[in-house]
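Notes for the structure review
In case you want the letters, here they are:
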Amino acid sequence: MKKLLLVTAFLLFPTIVLAAKDYNVTLESPALIGGTELKSGTYSIRIDGTNAIFNGGHTKGVTVPVKVEDGAKKYDYTTLEHSTKDGKEVITAIHVGGSKITLQFEK
C-alpha cells in the first residue's frame, strides 16, 4: 500500500509543478490589462485558475481575469496583442514564447 501511494505521489508531482509555472513579459510602456493599469517594466505572471497574477516592478500581486488557451503550434517568441483605447495601450492577449499557451484578457 505504501509503495502504491509513493508511486502515485511521484506521478502527480510533475503535474503540480507544471501548474505553478511563471511566465515573464516586459512592457515597454504603461498598459491596461484586464482593466488594470500596469507601469512599464518586467513582470512575472502566475496563473491561478481563471486569474493571472502579475508581480514585478512597483507592482505586487495584481490579479486580473484570464482565459488560458492552448494553440496548435509552439510560439517562438513572447508576443502581445494590443489595441489603443482613449489614448492608452490595452493588452488583449499574450502569446507565451516556447509554449503553445495564449493568455486572453478582457478588453
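You'll find the structure just up there.
Residues numbered from 1 in each chain as written. Predicted model: local features only at pLDDT ≥ 70, side-chain atom pairs only at ≥ 80, totals over all residues. Heavy atoms only, no water.

**As for the side chain of Thr 102**
- For Thr 102, the location among the structural elements is in strand 10 (residues 101–104).
- On the basis of relative accessible area, Thr 102 is assigned to the buried category, the value being 3%.
- Aside from chain neighbours lying at most four places away, what touches Thr 102 is Lys 67, Val 68, Glu 69, Tyr 75, Ala 93, Ile 94 and His 95. (Helix = DSSP H or I, 4+ residues; strand = E, 2+ residues; numbered from the N terminus. Buried < 20%, exposed > 50% of the residue type's maximum accessible area, 1.4 Å probe, protein only. Contact = heavy atoms within 4.5 Å.)

**Let's talk about the environment of Asn 24**
- Looking at the secondary structure, you find Asn 24 in strand 1 (residues 22–27).
- When its relative accessible area of 54% is taken as the criterion, Asn 24 is described as exposed.
- Along the sequence, Asn 24 and Ser 44 sit 20 residues apart, while their C-alpha atoms lie 4.4 Å from each other.

**Observations regarding the pairing of strand 5 (residues 51–56)**
- Taking every second residue as pointing to the same face, the buried face of strand 5 carries Ala 52, Phe 54 and Gly 56, while none of Asn 51, Ile 53 and Asn 55 on the other face is buried.
- Bridge analysis of strand 4 (residues 41–48) against strand 5 gives five bridges, and the strand direction is antiparallel. Across the sheet, Ile 47 pairs through a bridge with Ala 52, a residue of strand 5.
- With antiparallel pairing between neighbouring strands as the criterion, strand 4 and strand 5 make up a hairpin whose turn holds two residues, including Gly 49 at a positive phi of roughly 65°. (Pairing = 2+ DSSP bridges.)

**Brief notes about the pattern of salt bridges**
- Within the structure shown, the criterion is met by three salt bridges.
- Notably, a salt bridge pairs Asp 22 with Arg 46, separated by 2.8 Å at the nearest N-O pair. Within this pair, whereas Asp 22 is found in strand 1, its partner Arg 46 is found in strand 4, the two being separated by 24 residues in sequence.
- Judged by relative accessible area, which is 32%, Asp 22 ranks as partly exposed.
- For Arg 46, a relative accessible area of 37% corresponds to the partly exposed category.
- In this structure, the salt-bridge partner of Glu 37 is Lys 88, at a minimum N-O distance of 3.4 Å. One end of the pair, Glu 37, is in strand 3 (residues 36–38); the other, Lys 88, is in strand 9 (residues 88–95), and 51 residues separate them in sequence. (Salt bridge = Lys/Arg side-chain N within 4 Å of Asp/Glu carboxyl O.)

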